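# Structural description and commentary
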Amino acid sequence: MNDLLRYIIGWIIKLFGVIGSVRLRLQIIAFRSNQKRLKQKYGIHPGTPLSSYGPQIEQSIKNAAHKHGSDARFATTSGSTGKPKEILYTQKRLFALKLAFSDMFARACYSFRIGRTSVYVFSSFETDTSLTSLLLNERTLPNYFSTLQAPYRVQRHPAILSLVSKYGATAVRLWLLTISNPGVLYSTNPSTLATFIDELERDWPRSSRLIKDWYNDPSAFTPALHKICNRLKSRGYTQRLKQIAFSHGPMPLASCAPAVTAYICWTGGYVQPFLERLAKQLPYTLIPMYSMSTETIETLPYFREHELAFLPISRGVVYEFLEGHRLIDADQLEPGHLYEMVVSDAYGLKRYRTDDLFRCERKIHNLPDLTFVRRRTLSYSFTGEKLTGEQLSIVFDHLRAMYPTLLTDRFLTCVPSQPPHYKLLLIGDSHPGDGILAISCEALLCEINCEYRTKRSSGRLGPIELVNMKLSDFVQTNPAWETQFKFLPLIRVLI
């Protein structure tokens with residue numbers, strides 16, 4: 001019965017995908033007039049100054065929050081600042097964000113012809129102050145049909161949280177996936193999904209212990225967990241649980257959840273190492289996620305058959321762009337050029353510089369197809385060397401080309417450290433020849449950054465220090481890593 005209902009829900013979702021596609025086309029047609037109307041509504045005029053996150057924006061957000069009274073709440077983001085940003089959200093805004101995600105998902109299911117539309121989101125079991133936590137703040141079981149389509153929504157239930165404390169997050173996720181057998185996996189950060197797959201392979205006994213205990217003695221578990229199981233169960237789940245319970249070695253995800261045919265995750269910026277890893281681990285269709293920051297939705301996907309573009313077209317947001325010192329509207333962007341996005345909304349952001357740089361790939365219906373490239377202000381400087389994330393990305397690409405064997409399935413990032421020098425963090429299992437990486441990194445940086453070369457020659461900066469860390473140790477240094485973790489070429493927190 002559950003799978004029959006999932007089938008019916010799937011057809012309804014794809015019907016909404018058709019409706020959403022038509023509605024998006026109408027949004028595109030009305031884009032210019034809507035932008036003009038929003039500028040008047042928010043008081044945006046030629047003399048309105050640009051603002052980065054700081055006292056002025058913070059006060060503007062507080063003023064907007066005061067208007068919403070008790071309905072105001074704040075989502076924090078690590079971003080690339082030393083102090084977390086606090087962004088205003090209301091129930092209405094959170095609901096609109098959920099609708100935007102649902103619309104994207106429905107249009108993706110229709111466009112990519114996804115048969116089984118139930119989706120498992122790799123969200124955190126922990127509650128924090130991130131936007132993700134605000135969106136998933138459910139302490140009771142959602143309705144039956146919601147859990148059929150979105151089995152991850154049971155994860156904040158106390159009975160599930162008790163399993164997490166006893167068996168660990170990976171074991172509980174495997175249990176939920178095996179029982180519900182979703183068709184689509186979703187992970188905002190591909191690192192979360194990659195770490196889950198790695199954990200299954202690295203520690204199968206611990207990852208499968210919950211399923212073994214459940215299979216051997218289901219009566220030992222609470223009625224609440226049996227209720228959840230009955231809500232989520234899918235055809236063949238008992239046989240899959242049995243296979244896992246009796247397996248002495250890691251089983252592929254395709255055996256645990258055979259209905260999965262696609263996964264959705266963020267593909268912009270600095271996550272390429274994780275995407276390459278997932279491409280080897282998951283033989284499924286990758287659907288890139290739209291660009292979403294805690295401050296606002298920056299782009300939404302436009303599907304045309306299997307062609308995909310990302311347009312700056314979220315409702316209620318004014319989009320402008322900086323090319324050098326010139327501020328222009330979205331329809332003035334030119335293919336091949338790099339622009340910083342500037343946004344305004346009803347929640348305290350007025351000509352707010354996002355610091356996010358996008359490249360215009362092409363024009364679709366006179367709107368730019370945008371690809372996220374990097375953060376504009378991702379840099380660090382001890383003594384004027386102005387080391388940037390862009391420079392490090394270039395160096396890391398060179399290192400991967402020079403040492404493909406050493407860097408396969410391993411990740412690189414750089415961290416400033418005292419006394420003044422930089423640590424090159426090498427994430428993954430260590431190899432005997434790793435020492436050459438720090439030497440080569442040093443030489444490449446001196447070649448592309450003359451100030452860095454001068455400071456090294458004078459002794460004001462020490463040599464690069466290589467530090468090996470396991471991936472699991474690195475990502476879990478932040479308790480809220482699943483919602484706040486960003487794998488950047490430069491992490492500016494001083495250690």
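No experiment lies behind these values; they were computed from the predicted model shown.

## Concerning the sheet that holds strand β17 (residues 421-427)
- Strand order in the open sheet formed by 3 strands is β16-β17-β18, with mixed pairing between adjacent strands. Both edges of this open sheet fall to β16 (411-417) and β18 (465-469), since each of them pairs with a single strand only. When the angles between neighbouring strand axes are averaged without regard to direction, this sheet yields 30°.
- Where β16 lies against β17, 7 bridges are found, and the strand directions are antiparallel. Bridging from a neighbouring strand, S417 pairs with H421 of β17.
- Sheet contacts for helix α16 (residues 389-402): β16 and β17; angle to β16, the most-contacted strand, approximately 135°.

## Here's the deal with the packing of aromatic side chains
- Counted under the stated rule, the structure contains 15 aromatic pairs.
- Both rings, one in Y120 and one in F122, keep their centres 5.1 Å apart while their planes meet at 85°; by these two values the pair is edge-to-face.
- Since its relative accessible area comes to 0%, Y120 is described here as buried.
- Judged by centre distance (5.6 Å) and plane angle (55°), the ring pair of W266 and F372 falls under tilted. One end of the pair, W266, is in the loop between β5 (262-265) and α15 (272-281); the other, F372, is in strand β13 (residues 367-375), with 106 residues separating them in the sequence. Summarising the burial analysis for this pair, W266 and F372 share the class buried.
- Each member of the aromatic cluster is reached from another via a ring pair, and the members are F101, F105 and Y186.

## Comments concerning the nonpolar core
- Among the nonpolar cores identified, the biggest contains 119 residues, and I160, L163, W175, L185 and F321 are the most heavily contacted of them.
- A per-element tally of this core places helix α4 (residues 91-111) first, with 9 residues.
- Y380, L387, F396 and C414 belong to the second largest nonpolar core, which has 26 residues in total.

## Digging into the environment of T285
- Along the chain, T285 turns up in strand β6 (residues 285-288).
- Here T285 falls in the partly exposed class, since its relative accessible area comes to 38%.
- When neighbours within four sequence positions are excluded, T285 is seen to be in contact with F112, T261, A262 and Y263.

## Quick look at the side chain of K455
- Position of K455 relative to the elements: it lies in helix α19 (residues 450-458).
- Within the local environment of K455, its side chain forms a polar contact with the side chain of E451, the two groups lying 2.9 Å apart.
- Residues in contact with K455, not counting those within four places in the same chain, are T383, G384, E385, R460 and L461.

## Let's talk about helix α12 (residues 223-232)
- Those residues of α12 that fall on the buried side of the exposure criterion are L225, I228, C229, R231 and L232. Taken end-on, α12 shows its buried residues confined to a sector of 160°, consistent with a single buried face.
- Looking at the buried residues of α12, the elements they touch are α1 (2-29), α6 (144-149), α7 (158-167), α8 (169-180), α11 (209-216) and α13 (237-245).

## Focus on α19
- Backbone nitrogen of E451 and a side-chain oxygen of the N-cap are separated by 3.1 Å at the start of α19; the cap is N449.
- Just beyond α19, the residue with positive phi is G459, at close to 85°.

## Describing unusual backbone geometry
- Here the bond from Q418 into P419 is cis, since omega is -10°, no more than 30 degrees from zero.
- On the secondary structure map, P419 appears in the loop between β16 and β17.
- You will see that N181, though not glycine, has its phi angle at about 50°, which is positive.
- By the secondary structure assignment, N181 is in the loop between α8 and β4 (184-187).
- Residue N181 is classed as buried on the basis of its relative accessible area, which comes to 7%.
- Its identity is not glycine, yet N366 carries a phi of approximately 70°, on the positive side.
- Looking at where N366 falls in the secondary structure, it is placed in the loop between β12 (352-364) and β13.

Scoring rules and cut-offs
Per chain, the residues get numbers from 1 upward, laid out in the order the sequence is written. Per-residue local features of the predicted model are confined to residues with pLDDT of at least 70, and side-chain atom pairs are confined, for both listing and counting, to 80 or more; whole-chain, interface and lining totals are unaffected and use all residues. To get the side-chain values, all heavy atoms of the structure are used, and hydrogens and water are removed first. For two strands to be treated as a pair, DSSP must find no fewer than two bridges joining them. Secondary structure elements are defined from DSSP: runs of H or I of at least 4 residues count as helices, runs of E of at least 2 residues count as strands, and each element is numbered from the N terminus. Here, axes are lines fitted to C-alpha atoms. For helices the fit covers the stretch in contact, and angles between N-to-C directions go from 0 to 180 degrees. The contact rule is simple, with two residues in contact once any of their heavy atoms fall within 4.5 Å. Pairing of aromatic rings covers Phe, Tyr and the six-membered ring of Trp, with a centre-to-centre limit of 6.5 Å; geometry is then stacked below 30 degrees between planes, edge-to-face above 60, and tilted otherwise. Only protein chains enter the accessibility calculation, which uses a 1.4 Å probe. A residue is then buried if its area is under 20% of the maximum for its type, exposed if over 50%, and partly exposed in between. We call a set of buried Ala, Val, Leu, Ile, Met, Phe, Trp, Tyr and Cys residues a nonpolar core when their side-chain atoms join them within 4.5 Å. Pairs of N or O atoms are called polar contacts if they sit within 3.5 Å, as long as, within protein, a hydrogen donor faces a hydrogen acceptor (for residues adjacent in sequence, only side-chain-to-side-chain pairs). The arc in question is formed by the directions pointing from the helix axis toward the C-beta atoms.

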